[in-house]
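# Working through the structure, step by step
So you can see what is in the structure, the chains are spelled out below.
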Amino acid sequence: MDLFESLKNKINGKNLTIVFPEGEEPRILGAAVRLLKEKILSPILIGDVAEITKVAADKSFDISGIKIVDPKKYAEFDTMIEKFVEHRKGKNTKEQAEKMLLDNNYFGTMLVYLDKADGMVSGAIHSTGDTVRPALQIVKTAPGNSRISGSFIMQKGDERYMFADCAININPNAQELAEIAIQTAEDAKLFDIDPKVAMLSFSTKGSAKSDDVTKVAEATKIANELAPDLPLDGELQFDAAFVPSVGAQKAPGSKVAGHANVFVFPELQSANIGYKIAQRFGGFEAIGPILQGLAKPISDLSRGCNEEDVYKSAILTAALAL
Ligand SMILES: CC(C)(COP(=O)(O)OP(=O)(O)OC[C@H]1O[C@@H](n2cnc3c(N)ncnc32)[C@H](O)[C@@H]1OP(=O)(O)O)[C@@H](O)C(=O)NCCC(=O)NCCS
Ligand SMILES: CC(=O)OP(=O)(O)O
């Protein structure tokens, strides 16, 4: 079954709420209208009511039935400030909190933290840093995770893969890279992928020597110790990881080489560039970034997203809330 049909079946009838801090953005509005009309979930739009109404009218969107919350007029704003200051344990003053919570991403994240929404989708007009920083500061990591990372589902026809970390950790060390690999393998299972994890490099099994290669080899060792039953191998070049004949030639005997479906990049530059090349040259649909290791589901978007990407990200985020 199509991944999104299966995710919709999972969330159907659960009346989950997803908050969209970019309520005035047409791609967000269009997706929210569709999600409500198809009775998939209840969207909450954050923004100025008059502005959202105007954008909806311009685009002929029927927004009746969609809840809109304006932080400036939110009846429980003072309580939210108090809870934020208490939760931040001295890291932010009351004055700072008031200013921060007038930012739609902080406000939306607090709604999720306070269980007033099941999840959040943002990032169509905000950078990843501005979208995820509130989540890192407020929602924080789920038990058993020391880092938050960002993966993409890459799919085209019957092909479905995971790429990580394409969004958060700029230059993870070996321990962090091992954790990213294990998080991504766990998420892969949620999206009906039986994970075979390749730890990517420009070297395969010692074919090149450098500190960068050593980091990936060490991460492979750590991940294999942490998750001995997970098929995971490295360091592998992309061709050795993906093409069976090249995998057999460059990494004979590997359980993963030539058959990998979860690709862990050594650092953020190659990961972010790599997913965008697969998306824009390769014609793969890129769904994400999915934030992994967070205590509650909050999803970022690429600013290059379209309405369909927002719609799918919301469904996926709602499914992660279950
Ligand atoms: C994610 C990012 C914005 C965080 O940077 P930052 O805001 O400077 O982070 P800081 O070091 O100031 O930390 C802010 C908070 O987040 C937490 N944090 C930062 N990175 C984290 C991570 N990977 N996992 C968990 N928590 C993290 C810190 O512990 C800190 O919490 P505290 O305020 O309670 O002490 C930064 O790593 C970044 O810019 N990454 C790249 C984003 C990007 O451009 N991606 C490409 C497009 S998708
Ligand atoms: C994930 C990502 O690259 O986001 P953006 O395109 O908004 O920078």
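Our subject is the structure that appears above.
First, a word on what this report is: a plain description of the structure on this page.

Conventions used here
- Residues numbered from 1 in each chain as written.
- Chains lettered and ligands numbered in written order.
- Predicted model: local features only at pLDDT ≥ 70, side-chain atom pairs only at ≥ 80, totals over all residues.
- Heavy atoms only, no water.
- Helix = DSSP H or I, 4+ residues; strand = E, 2+ residues; numbered from the N terminus.
- Rg over C-alpha atoms; globule rule 2.2 N^0.38 Å.
- Buried < 20%, exposed > 50% of the residue type's maximum accessible area, 1.4 Å probe, protein only.
- Areas by Shrake-Rupley, 256 points an atom, 1.4 Å probe, with all protein chains shown as cover.
- Near = heavy atom within 4 Å.
- Polar contact = N/O pair within 3.5 Å; in protein donor to acceptor, adjacent residues only side chain to side chain.
- Nonpolar A, V, L, I, M, F, W, Y, C, P; charged D, E, K, R; others polar.
- Patch = residues over 30% accessible without salt bridge, like charges linked within 9 Å, V, L, I, M, F, W, Y side chains within 5 Å.
- Salt bridge = Lys/Arg side-chain N within 4 Å of Asp/Glu carboxyl O.
- Lys, Arg positive; Asp, Glu negative; His and termini not counted.
- Charge placed at Lys NZ, Arg CZ, Asp CG, Glu CD.
- Expected span 1.5 Å × (residues − 1).
- Contact = heavy atoms within 4.5 Å.
- Arc of directions from axis to C-beta.
- Axes fitted to C-alpha atoms, helices over the stretch in contact; angles between N-to-C directions.
- Parallel < 35°, antiparallel > 145°, perpendicular 65-115°, else oblique.
- Left-handed = near helix turned anticlockwise from the far one by under 90°.

So, on to the overall build of the protein chain. Helices and strands together make up the secondary structure of the protein chain, namely 13 helices and 11 strands. For 322 residues, the compact-globule estimate of 2.2 N^0.38 gives 20 Å, and the protein chain sits close to it at 21 Å. Along the first, second and third principal axes, the C-alpha atoms of the protein chain reach 65 × 45 × 30 Å. Within the span of the protein chain, comprising 322 residues, buried residues form 55% of the whole. Surface exposure of the protein chain reaches about 14,600 Å², of which carbon and sulfur atoms provide 51%.

Taken together, 18 residues form the shell around ligand 1, and within it Lys91, Arg133, Lys140, Ile148 and Ala167 come nearest. Between ligand 1 and Ile148, the relevant distance is 2.8 Å, taken from a nitrogen atom to a main-chain nitrogen or oxygen of the residue. In this structure, Asn169 approaches ligand 1 through a side-chain N or O atom, which is 3.0 Å from a nitrogen atom. Protein chains shield 63% of the accessible area of ligand 1, which is 950 Å² for the free molecule. Elements with a contribution of two residues or more to the shell around ligand 1: α7 (128–139) and α12 (268–280). The element best represented in the shell around ligand 1 is α7, accounting for 6 residues.

Looking now at the site of ligand 2. Taken together, Thr128, Phe152, Asn272, Tyr275, Lys276, Pro289, Ser302 and Arg303 form the complete shell of residues around ligand 2. Look at ligand 2: alone it shows 260 Å² of surface, and the protein chains cover 87% of it. With 3 residues, the top contributor of residues to the shell around ligand 2 is α12. Considered class by class, the residues forming the shell around ligand 2 number 3 nonpolar, 3 polar and 2 charged.

Right, let's talk about a negative patch on the surface for a bit. Side chains of Asp78, Glu82, Glu86, Glu95 and Glu98 sit close together on the surface and give a patch of like negative charge. Secondary-structure elements contributing two or more residues to the negative patch are α4 (77–87) and α5 (94–101). Among the elements that make up the negative patch, the one with the highest residue count is α4 (3 residues). Turning to its location among the elements, Glu95 is positioned in helix α5. By relative accessible area, which is 60% here, Glu95 ends up exposed.

Turning our eyes to something else, we now look at the environment of Asp103. Position of Asp103 among the secondary structure elements: in the loop between α5 and α6 (104–113). Judged by relative accessible area, Asp103 falls into the partly exposed class, the value being 32%. In sequence terms Asp103 and Ser210 are 107 residues apart; their C-alpha atoms lie 44 Å from each other.

Let us look at helix α9 (residues 211–226). Its 16 residues place the ends of α9 22 Å apart at the C-alpha level, agreeing with the 22 Å of an ideal helix rising 1.5 Å per residue. When we look at burial in α9, the residues that qualify are Val213, Lys215, Val216, Ala219, Thr220, Ile222 and Ala223. On its buried side, α9 packs onto α8 (174–190), β7 (197–200) and β8 (232–236). Regarding α9, its N-cap is Ser210, as a side-chain oxygen of that residue lies 3.0 Å from the backbone nitrogen of Asp212 further along.

Here we come to α12. Between the first and last C-alpha of α12 there are 18 Å, a value that for 13 residues agrees with the 18 Å anticipated at 1.5 Å per step. Residues of α12 that are buried include every one of Leu268, Ala271, Gly274, Tyr275, Ala278 and Gln279, and no others. With its buried residues spanning 135° around the axis, α12 presents them on a single face. Across α12 from its buried face, at more than 90 degrees, point the exposed residues Gln269 and Arg280.

To continue, consider the packing of helix α1 (residues 3–11) against helix α13 (residues 307–320). At their nearest, the axes of α1 and α13 sit 9 Å apart, and the two run at 50° to each other. Overall, the two elements α1 and α13 adopt an arrangement that is oblique. In this structure, the crossing between α1 and α13 has a hand that is left-handed. In contact with Phe4, Leu7, Lys8 and Ile11 of α1, α13 contributes Tyr311, Lys312, Ile315, Leu316, Ala318 and Ala319. Residues belonging to the contact of α1 with α13 are distributed by class as follows: 8 nonpolar, no polar and 2 charged.

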